Amino acid sequence: MKTIKPILTSTQKANILGKNVASSAGIIVTSFRRLQLEVAKLSCLNMRYVLYFRGQGHDYKSGKKSDLYPTMYRGTMSKTIRESRWNNLEKACELLVNRLSSSGIDSQNIELLKRKPLLQWSILQHYEVVATPLIDVTQSLRVACTFAQMDCKDGETEAYVYVVALPYVSHRIHVDSEEYMTVIRLLSIAPPNALRPYCQDGFLVGEDVIQEKYYDKKELNLSRRLVAKFKIPANGDSGFWDTESPVDRNILYPTSDEMLDICNGVKKELEIWSNNNKQK
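Rules behind the numbers
- Residues numbered from 1 in each chain as written.
- Predicted model: local features only at pLDDT ≥ 70, side-chain atom pairs only at ≥ 80, totals over all residues.
- Heavy atoms only, no water.
- Helix = DSSP H or I, 4+ residues; strand = E, 2+ residues; numbered from the N terminus.
- Rg over C-alpha atoms; globule rule 2.2 N^0.38 Å.
- Buried < 20%, exposed > 50% of the residue type's maximum accessible area, 1.4 Å probe, protein only.
- Contact = heavy atoms within 4.5 Å.
- Areas by Shrake-Rupley, 256 points an atom, 1.4 Å probe, with all protein chains shown as cover.
- Lys, Arg positive; Asp, Glu negative; His and termini not counted.
- Charge placed at Lys NZ, Arg CZ, Asp CG, Glu CD.
- Salt bridge = Lys/Arg side-chain N within 4 Å of Asp/Glu carboxyl O.
- Pairing = 2+ DSSP bridges.
- Polar contact = N/O pair within 3.5 Å; in protein donor to acceptor, adjacent residues only side chain to side chain.
- Phe/Tyr/Trp six-rings, centres within 6.5 Å; stacked < 30°, edge-to-face > 60°.
- Lys NZ or Arg CZ within 6 Å of the ring centre and 35° of its normal.
- Core = buried A, V, L, I, M, F, W, Y, C linked by side-chain atoms within 4.5 Å.

A. Spatial organisation of the overall build of the protein chain. Secondary structure summary: the protein chain contains 10 helices and 10 strands in total. Taken against the 2.2 N^0.38 rule, which gives 19 Å for 280 residues, the C-alpha radius of gyration of the protein chain at 19 Å falls within 12% of a compact globule. With 280 residues in all, the protein chain has 51% of them scored as buried. When contacts within the protein chain are restricted to residue pairs at least 6 apart in sequence, those whose partners lie at least 24 apart make up 79%. With an accessible surface of roughly 13,900 Å², the protein chain has 49% of that area assigned to carbon and sulfur atoms. In the protein chain, 38 side chains carry a positive charge and 32 a negative one; their mean positions are 6 Å apart.

The following block contains the structure:
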């Protein structure tokens, strides 16, 4: 992913003190309304891009800089770990296609899903089945804030909302060779039976050319596209939402989701397959 140089508000410039956004502490925002206003300013300043959001309960870092890696590339990446993760992904895709074929779901997108590994990765990532080279973001600030607070552990007082700048998307699978990025609009590729992408306004982001080997792991870090890092209260009862409200968990994770049932089945089969391989 190409590194961008965002245009910052005066508040941000004071916050980062000459450092880049990824190495800053993050701007403290105590209300959702204030956060909306800050994002509106950033949208006007960075008009070449579309702003997307990601909420987390913790600011994971390499050294002093925030990390926003796809699950495939998180942590130590030895050759053995890398090969194991790709093997798991390949097997998960096979299991997903098998289950889709026998599911009885009638949708044009199902046939496309069965043919395109990139779309299979998108579903497997969004339903948290296996590590993939894609990372989740959303265009909904409300969803991102809700996820950030939901992701907090007991005792944590702050959650994090990241604002990243991505190219304008003209297709449901948008590959930008100038920015070295792929942006997938889940709402356009998931079948109607997959409710979660629609409820979360989900998008997936990865490299323009995705393969097992890479030249420099840092190039896979979405923090290269950071425009802002905000810290919000971890507790939803802190007054942060005021007259607004977070998204209900049951809406973000609908239980009557046929794709969820399929992916849960894939996850169980994958665990059995992985355990059998370890015993060999």
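B. Broad picture of the pattern of salt bridges. Tallied over the entire structure, the rule returns 10 salt bridges. Lys 231 is the salt-bridge partner of Glu 158, the closest N and O atoms lying 3.8 Å from each other. Here Lys 231 lies in strand β10 (residues 226-233) and Glu 158 lies in strand β6 (residues 158-166), a separation of 73 residues in the sequence. The exposure class assigned to Lys 231 is buried, which follows from its relative accessible area of 13%. Here the salt bridges do not stand alone but share partners, grouping Arg 34, Glu 38 and Lys 41 into one network.

C. Representation of the pairing of strand β2 (residues 50-56). Counting buried positions along β2 yields 7 of 7 residues, so the element is predominantly enclosed. The alternating pattern of β2 places Val 50, Tyr 52, Arg 54 and Gln 56 on one face and Leu 51, Phe 53 and Gly 55 on the opposite face, and all of these are buried. In this structure, β2 lies alongside β6, joined through 7 bridges in antiparallel fashion. Within β6, the position partnered with Gln 56 by the bridge is Tyr 160.

D. Geometry of the side chain of Asp 136. With respect to the helices and strands, Asp 136 occurs in strand β5 (residues 135-138). Although Asp 136 is buried, it makes no salt bridge; Arg 54 carries the closest opposite charge, 4.8 Å away. Of the polar contacts made by the side chain of Asp 136, one reaches the side chain of Gln 125; its length is 2.9 Å.

E. Quick peek at the packing of aromatic side chains. What the rule picks out here adds up to 7 aromatic pairs. Between Tyr 160 and Tyr 162, the ring centres sit 6.4 Å apart and the planes meet at 15 degrees, which makes this aromatic pair stacked. Comparing Tyr 160 with Tyr 162, the two get one shared label, buried. Here a set of aromatic residues connected by ring pairs shows up, and it is made of Phe 32, Phe 240 and Trp 241. Over the aromatic face of Tyr 180 sits the side chain of Lys 2, whose NZ or CZ is 5.2 Å from the ring centroid.

F. Geometry of the nonpolar core. Core analysis: the biggest nonpolar cluster contains 36 residues, and Leu 89, Ile 123, Leu 124, Tyr 127 and Met 259 have the highest contact counts within it. Every element with two or more residues in this core is listed here: α3 (79-101), α4 (108-115), α5 (117-126), α7 (186-189) and α10 (258-279).

G. Structural detail: the environment of Arg 249. Here Arg 249 lies in helix α9 (residues 249-252). The exposure class assigned to Arg 249 is exposed, which follows from its relative accessible area of 51%. In this structure, the C-alpha to C-alpha distance between Arg 249 and Leu 204, residues 45 residues apart in sequence, is 21 Å.

H. Region of interest: the side chain of Gln 56. By secondary structure assignment, the location of Gln 56 is in strand β2. Polar side-chain contacts of Gln 56 include one of 2.8 Å to the side chain of Arg 54. Once residues lying within four places of it in the same chain are set aside, the contact partners of Gln 56 are Leu 68, Ala 148, Asp 151, Ala 159, Tyr 160 and Tyr 162.

I. Here's a closer look at the pairing of β10. Taking burial as the measure, the 8 residues of β10 include 8 buried ones, the bulk of the element. Of the strand pairs in this sheet, strand β1 (residues 27-28) and β10 are connected by 2 bridges, and their pairing is parallel. By the bridge assignment for β10, Ile 28 is matched with Lys 231. As judged from the 7 bridges shared by β6 and β10, these two strands associate in the antiparallel manner. Its bridge partner lying in β10, Val 161 is registered against Phe 230.

J. The arrangement of the environment of Glu 158 in detail. What makes Glu 158 partly exposed here is its relative accessible area of 30%. Apart from residues lying up to four places away in sequence, Glu 158 is in contact with Gly 57, Cys 152, Lys 231, Ile 232 and Ala 234.

K. Local environment of helix α6 (residues 141-150). The element α6 is largely enclosed, with a buried count of 8 among its 10 residues. Every buried residue belonging to α6 is among Leu 141, Val 143, Ala 144, Cys 145, Thr 146, Phe 147, Ala 148 and Gln 149, and all of these are buried.

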